[in-house]
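Fold and geometry: a report
Chain by chain, the residues:
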Amino acid sequence: MSINIEKTKRLSQLPPYLFTQLNREKEKLKEKGWDLIDFGVGDPDLPTPLPIVNRIIKACQNPKNHRYPSYEGLISFREAVSKWYQRRFGVTLDPQREVITLIGSKEGIAHICLGLLNPGDIALIPDPAYPVYKAGVIFAGGKPFYLPLREENGFLPVLDTIPEHIARSSKIIWINYPNNPTAATATVEFFHQVIDFAQKFNLIICHDLAYSEISFDGYQPPSLLQIKEGKEVGIEFHSLSKSFNMTGWRIGFAVGNTKIIQILREVKTNVDSGVFQAIQEAGIEALQMDGKATREIKKIYQRRRDILVDGLRKLGWKVNPPQATFYVWVKVPEKKSSLKFTLELLIKYGIVVTPGVGFGPSGEGYIRIALTVEEEKIKEAIQRLKK
Ligand SMILES: *Cc1c(COP(=O)(O)O)cnc(C)c1O
């Protein structure tokens, strides 16, 4: 006799992972033999730069790397992070106490809430957003309070519209610039505002900076820690996934406030055993290559962006070219729902995009197009839309 197996309320509170649902639909059409052009998932199509691949091959041959890694990450990796931060942002970090290696930034983003939120505590989360902020808060028993990101505000949250009693009972505010899915960017002045707000209401700032190295036209996204007080109130999550085409490798890091890093380390010590050292060695290679690796990657996305934006504009769509990230956030033409429009693109044209509503209710009326598709395919997509 089988037993009654039910998932928890906590798990039931989460919608099915957006991309799981989308993948299922795509698979169905693929099985029917459709030639889909897939702008859906934010996963670089380009390979990891060769020196990084060569470095892991060597590192794998060293038996020292076959054992359990340290929880907080190789000190050599954390030193490489610290040097990269100094070069890239002019920020000094103590590799021992202000840097921690992550199994991809998603892991740290999900786990930090277990260390910072008590059941019932509120976390301020942008809407639309990367779905993991919400998942982390729910898993920790916390309560999300959503900050709508609207076009008229440059897709930045308007902090003075947050009710004071909510701000007072909140523990965390999540921000993410350059932003997924809206591709919006933020200025250092905006970070100043968030820091003032955090200090006023005793909030921790968690800044997701996964797209710091994907930017165009000479624009350089700033770090929260460039502001002196940044380190007093927050941490920043980074990923090698997007910067160096390493999504499959699972390596990222968090930096910032010593106490918060220590809390994250404590959570991780109880649930994982760190990142394979050979991957961390490859990560060192990536951070040392820095611009040598990212320059070419940025150029490719920039060309793709221009082809897509020009093409869509010629079709009469209103599109703003993003300054960063590999996403184009597009207002749905006419007054259709984002889901209806997404399905139309899929079924009529074999074009896969992500409906904005999948990132939260304020994403309604938009679709996200990922530039993780080669130029020829982008041109073909435009051709298909012309017909
Ligand atoms: C891709 C992405 C991440 C996660 O990257 P990892 O592969 O887990 O390092 C984090 N935040 C945002 C906004 C992303 O788009």
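Each value, and the rule that gives it
Residues numbered from 1 in each chain as written. Predicted model: local features only at pLDDT ≥ 70, side-chain atom pairs only at ≥ 80, totals over all residues. Heavy atoms only, no water. Helix = DSSP H or I, 4+ residues; strand = E, 2+ residues; numbered from the N terminus. Rg over C-alpha atoms; globule rule 2.2 N^0.38 Å. Contact = heavy atoms within 4.5 Å. 1 Å grid on protein atoms, 1.4 Å probe; cavity = no way out; pocket = protein on both sides within 12 Å on 5 of 7 lines; lining within 4 Å. Points joined across faces, edges and corners; volume = space filled by probe spheres on them. Nonpolar A, V, L, I, M, F, W, Y, C, P; charged D, E, K, R; others polar. Near = heavy atom within 4 Å. Polar contact = N/O pair within 3.5 Å; in protein donor to acceptor, adjacent residues only side chain to side chain. Areas by Shrake-Rupley, 256 points an atom, 1.4 Å probe, with all protein chains shown as cover. Pairing = 2+ DSSP bridges. Axes fitted to C-alpha atoms, helices over the stretch in contact; angles between N-to-C directions. Patch = residues over 30% accessible without salt bridge, like charges linked within 9 Å, V, L, I, M, F, W, Y side chains within 5 Å. Salt bridge = Lys/Arg side-chain N within 4 Å of Asp/Glu carboxyl O. Buried < 20%, exposed > 50% of the residue type's maximum accessible area, 1.4 Å probe, protein only. Phe/Tyr/Trp six-rings, centres within 6.5 Å; stacked < 30°, edge-to-face > 60°.

**Some words on the overall build of the protein**
Broken down by element type, the protein carries 15 helices and twelve strands. Relative to the compact-globule value of 21 Å for 387 residues, the protein shows a C-alpha radius of gyration of 21 Å, a close match. Reported as C-alpha extents along the three principal axes, the dimensions of the protein are approximately 65 × 60 × 55 Å. Within the protein, counting contacts between residues at least 6 apart in sequence, those at least 24 apart form 75% of the total.

**Looking at empty space enclosed by the protein**
Over the atoms, a rolling probe the size of a water molecule traces out where space has been left empty. Under the defined criterion, the tally for this structure stands at two cavities of 30 Å³ or more. Taken as a whole, the largest cavity spans an internal volume of roughly 60 Å³. F39, L308, L312, W317, L345, I351, V353, I369, A381, I382 and L385 together form the lining of the largest cavity. Those elements giving two or more residues to the lining of the largest cavity turn out to be α13 (291-314) and α15 (375-386). Take the lining of the largest cavity: its biggest share by element is three residues, from α15. Looking at side-chain class alone, the lining of the largest cavity contains eleven nonpolar, no polar and no charged residues. Estimated volume of the second largest cavity: approximately 50 Å³. Where the lining of the second largest cavity is concerned, the elements lending two or more residues are β7 (234-239) and α10 (240-243). A per-class count over the lining of the second largest cavity returns seven nonpolar, four polar and one charged.

**Section: the site of the ligand**
Surrounding the ligand, one finds 15 residues, the nearest of these being D208, Y211, S239, S241 and K242. Taking S241, its side chain carries an N or O atom lying 2.5 Å from an oxygen atom of the ligand. A distance of 3.0 Å is found between an oxygen atom of the ligand and a side-chain nitrogen or oxygen belonging to K242. Across the complex, the protein chains shield 94% of the 390 Å² of accessible surface that the ligand would expose by itself. Looking at the shell around the ligand, the elements that each hand over two or more residues are α5 (105-116) and α10. Split into classes, the residues belonging to the shell around the ligand amount to five nonpolar, six polar and four charged.

**Some details on the sheet that holds strand β6 (residues 204-208)**
Pairing is mixed in the open sheet, where seven strands are placed in the order β2-β8-β7-β6-β5-β3-β4. Pairing within the sheet leaves two strands with one partner each, and these edge strands are β2 (99-102) and β4 (143-148). Across the sheet, the axes of successive neighbouring strands diverge by a mean angle of 20°, strand direction being ignored. Pairing geometry for β2 and strand β8 (residues 252-256), over four bridges, is antiparallel. The residue bridging T101 from the neighbouring strand is F253, located in β8.

**Considering a nonpolar patch on the surface**
On the surface, a nonpolar cluster with roughly 420 Å² of combined accessible area is contributed by W34, L339, L343, I347 and V357. A relative accessible area of 31% means that W34 is categorised as partly exposed.

**Describing the sheet that holds strand β11 (residues 354-355)**
Judged by pairing direction, the sheet is antiparallel, and its three strands sit side by side in the order β9-β12-β11 without closing on themselves. Every interior strand has two partners, whereas the edge strands, β9 (327-331) and β11, have only one. Pairing of β11 with strand β12 (residues 366-370) involves two bridges; the strand directions are antiparallel. Among the inter-strand pairings, T354 is bridged to a residue of β12, identified as R368. In the packing of helix α14 (residues 338-349) onto the sheet, contacts are made with β11 and β12, and the angle to β12 comes to roughly 45°.

**Examining the pattern of salt bridges**
It is possible for side chains of opposite charge to pair when their charged atoms get near one another. Enumeration according to the criterion identifies 25 salt bridges in this entry. With its nearest N and O atoms 3.1 Å apart, the salt bridge here joins E98 to K231. With E98 in the loop between α4 (75-89) and β2 and K231 in helix α9 (residues 230-233), this residue pair connects regions lying 133 residues apart in the sequence. We classify E98 as buried; its relative accessible area is 11%. The closest approach of N and O atoms between K299 and E296, which form a salt bridge, is 3.6 Å. One end of the pair, K299, and the other, E296, are both in helix α13, three residues apart, so they sit about a helical turn from each other. K299 sits in the partly exposed class, given a relative accessible area of 47%. Look at E296 and you get partly exposed, because its relative accessible area is 40%.

**Overview of the packing of aromatic side chains**
Tallying each qualifying case throughout the model produces 19 aromatic pairs. A ring pair is formed by Y130 and Y133, whose centres lie 5.8 Å apart and whose planes are at 65°; its orientation type is edge-to-face. A single burial state applies to Y130 and to Y133, both of which are buried. An aromatic cluster is present here, built from F77, W84, Y85, F89 and F253 joined pairwise through their rings.

**Structural notes on the environment of G356**
Position of G356 relative to the elements: it lies in the loop between β11 and β12. Linking G356 and L287, residues 69 residues apart in sequence, is a C-alpha distance of 33 Å. When near neighbours in sequence (up to four residues on either side) are disregarded, G356 contacts W329, S338, G363, E364, Y366 and I367.

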